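# Per-entry structural report
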Amino acid sequence: MTLPIEIESYEDFQMYVSSHYINNKLIRLFRGQKENKSLYPKLLRLYENYRCENFLMEDVRKFEEIEVNLLEKFKSEIKSMNLDKFDENNWNFLSIAQHYGLPTRLLDWTSNPLVALWFAFFEEGDYDGSDQFRFVWGVAFDENLTGEYPKQDYNNFKGVQVFKPIEIDQRIINQEAWFSVQSVNYSDQSQINNNPTSVMSHSFVPIDDLYTFEYSFVEMKIKDTKELRIEILEKLNEAGINHFFLFPDKISELCKRIITEEFPSSHAGASL
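Residues numbered from 1 in each chain as written. Predicted model: local features only at pLDDT ≥ 70, side-chain atom pairs only at ≥ 80, totals over all residues. Heavy atoms only, no water.

## Overview of the packing of helix H2 (residues 42–53) against helix H3 (residues 63–78)
Between two packed helices, what matters for the description is the angle formed by their axes and the separation of those axes. The condition is simple: The angle between two axes is taken between their N-to-C directions and runs from 0 to 180 degrees, where each axis is a line fitted to C-alpha atoms and a helix contributes only its stretch in contact. Runs of E in the DSSP output that reach at least two residues are strands. Runs of H or I that reach at least four are helices, and both are numbered from the N terminus. To sort the angles, those under 35 degrees are grouped as roughly parallel, those over 145 as roughly antiparallel, those from 65 to 115 as roughly perpendicular, and the leftovers as oblique. Should the near helix be turned anticlockwise from the far one by less than a right angle, the crossing is termed left-handed; should it be turned clockwise, right-handed. A contact between two residues is defined here by any heavy atoms of the two lying within 4.5 Å.
Running from amino to carboxyl end, H2 crosses H3 at an angle of 130 degrees, the nearest separation of the two axes being 11 Å. Accordingly, the angle class assigned to the pair H2 and H3 is oblique. Along this stretch, H2 crosses H3, giving a crossing that reads as right-handed. Residues Leu-43, Leu-44, Tyr-47 and Tyr-50 of H2 form the contact with H3, whose participating residues are Phe-63, Ile-66, Glu-67 and Leu-70.

Here it is in structure tokens:
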């Protein structure tokens, strides 16, 4: 398990990410999290809850079935929208779906550490006087990794890979998005019937727990107080990193901007 690096200020964070190497590899990707959760994609969390709640049922759906159905429904709907044309392969569709909230096996990363810091701090905290922290993960890899799409199909993917989506959406561009994807190996119903306890075991290993020669991981543990959160968001805003830059779409974003202009001290645009 990766030991966290403790950071106490915006300046300390910038200094650390600008010059740090892990196992002689430069930190290239970052992921911000409000809480210290395992690096699980949303679809994996949803499926594990579903599997545990329904493991006695004979018709428990396989992960692959749910994953394919979600993407196919998304593809059929999005094709009817007036979007710019792009190469209609599954990795492109998954990239768009992930950025707009559809659960997928992809995990979000960014090549901009300030974007990751914003995602770690934009939500309000519950400041009860106890020591609290936000988290930014870093992944380091060799420069010769190109970021190309996986050659395998998504629903039969084996191994681990990070890749950069093509810039088909302003949100993807502004967030300087990357994704990681890896194997999923859930037991089928016959295996569960033979060994019911297997449903309680995790069939997905968080990417930072996998032993690979290509990637190294670090967890940055950043002190969180109400005052520091406001300071960090203000400095990120000065650097051009805010909700309106990272989510440049939809009328709802216009409404949030108007609220923030009227109530600038509330950070309403970041927290609503």
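Here the narrative resumes, following the displayed structure.
## Quick notes on the pairing of strand E3 (residues 25–33)
The condition that has to hold: Buried residues are those whose accessible area, probed at 1.4 Å on protein chains only, stays under 20% of the maximum for their type, while exposed residues exceed 50% and partly exposed ones sit between those limits. Pairing between strands requires that DSSP locate at least two bridges from one strand to the other.
Extensive coverage of E3 is indicated by the burial of seven of its nine residues. Sheet analysis places E3 next to strand E5 (residues 133–141), joined by six bridges and oriented antiparallel. In the sheet register, Ile-27 faces E5, and the bridge partner there is Ala-140.

## Looking at the nonpolar core
Nonpolar side chains in soluble globular proteins generally cluster together in the buried interior. To be explicit about the condition: Residues belong to a common nonpolar core when they are buried Ala, Val, Leu, Ile, Met, Phe, Trp, Tyr or Cys residues joined through side-chain atoms within 4.5 Å.
Counting residues in hydrophobic clusters, the biggest one holds 28 residues, and the most contacted among them are Phe-13, Leu-117, Trp-118, Val-136, Met-220 and Leu-236. Every element with two or more residues in this core is listed here: helix H1 (10–19), E3, helix H5 (113–121), E5, strand E8 (215–223) and helix H8 (226–238). Sort the elements by how many residues they give to this core and H5 lands first, with seven residues. Aside from chain neighbours lying at most four places away, what touches Val-136 is Phe-13, Phe-30, Arg-31, Gly-32, Ala-116, Leu-117, Ala-120, Val-218, Glu-219, Met-220 and Ile-222. Listed in part, the 15 residues of the second largest apolar core include Leu-71, Phe-74, Trp-91 and Ile-96.

## With respect to the packing of aromatic side chains
Our working rule: By convention, a stacked pair of Phe, Tyr or Trp rings (six-membered ring in the case of Trp) has centres within 6.5 Å and planes under 30 degrees apart, an edge-to-face pair has planes over 60 apart, and any other such pair is tilted. A positively charged side chain is recorded as over a ring if its NZ (Lys) or CZ (Arg) lies within 6 Å of the ring centre. The angle to the ring normal must also be within 35 degrees.
Tallied over the full model, the rule gives 14 aromatic pairs. Here Trp-91 and Phe-163 contribute two aromatic rings whose centre-to-centre distance is 5.4 Å and whose plane-to-plane angle is 70 degrees, an arrangement assigned as edge-to-face. Taken together, the residues span a long stretch of sequence, with Trp-91 in helix H4 (residues 90–99) and Phe-163 in strand E6 (residues 160–163) at a distance of 72 residues. Every member of this aromatic cluster is reached through a ring pair, and the members are Trp-91, Tyr-149, Phe-157, Phe-163 and Phe-179. Against the face of Tyr-100 rests Arg-171, its NZ or CZ located 4.1 Å from the ring centre.

## As for H4
Defined as follows: Throughout this description, a polar contact denotes any pair of N or O atoms lying within 3.5 Å of each other; where both atoms belong to protein, one of them has to be capable of donating a hydrogen while the other can accept it, and for residues adjacent in sequence the pair is counted only when both atoms sit in side chains.
Burial runs high along H4: ten of the ten residues are buried. Those residues of H4 not exposed but buried are Asn-90, Trp-91, Asn-92, Phe-93, Leu-94, Ser-95, Ile-96, Ala-97, Gln-98 and His-99. Summarising the contacts, the buried residues of H4 are in contact with H3, strand E4 (107–110), E6, helix H6 (170–174) and strand E7 (177–182). If you check the start of H4, you find a side-chain oxygen 2.9 Å away from the backbone N of Trp-91, and it comes from Asn-89.

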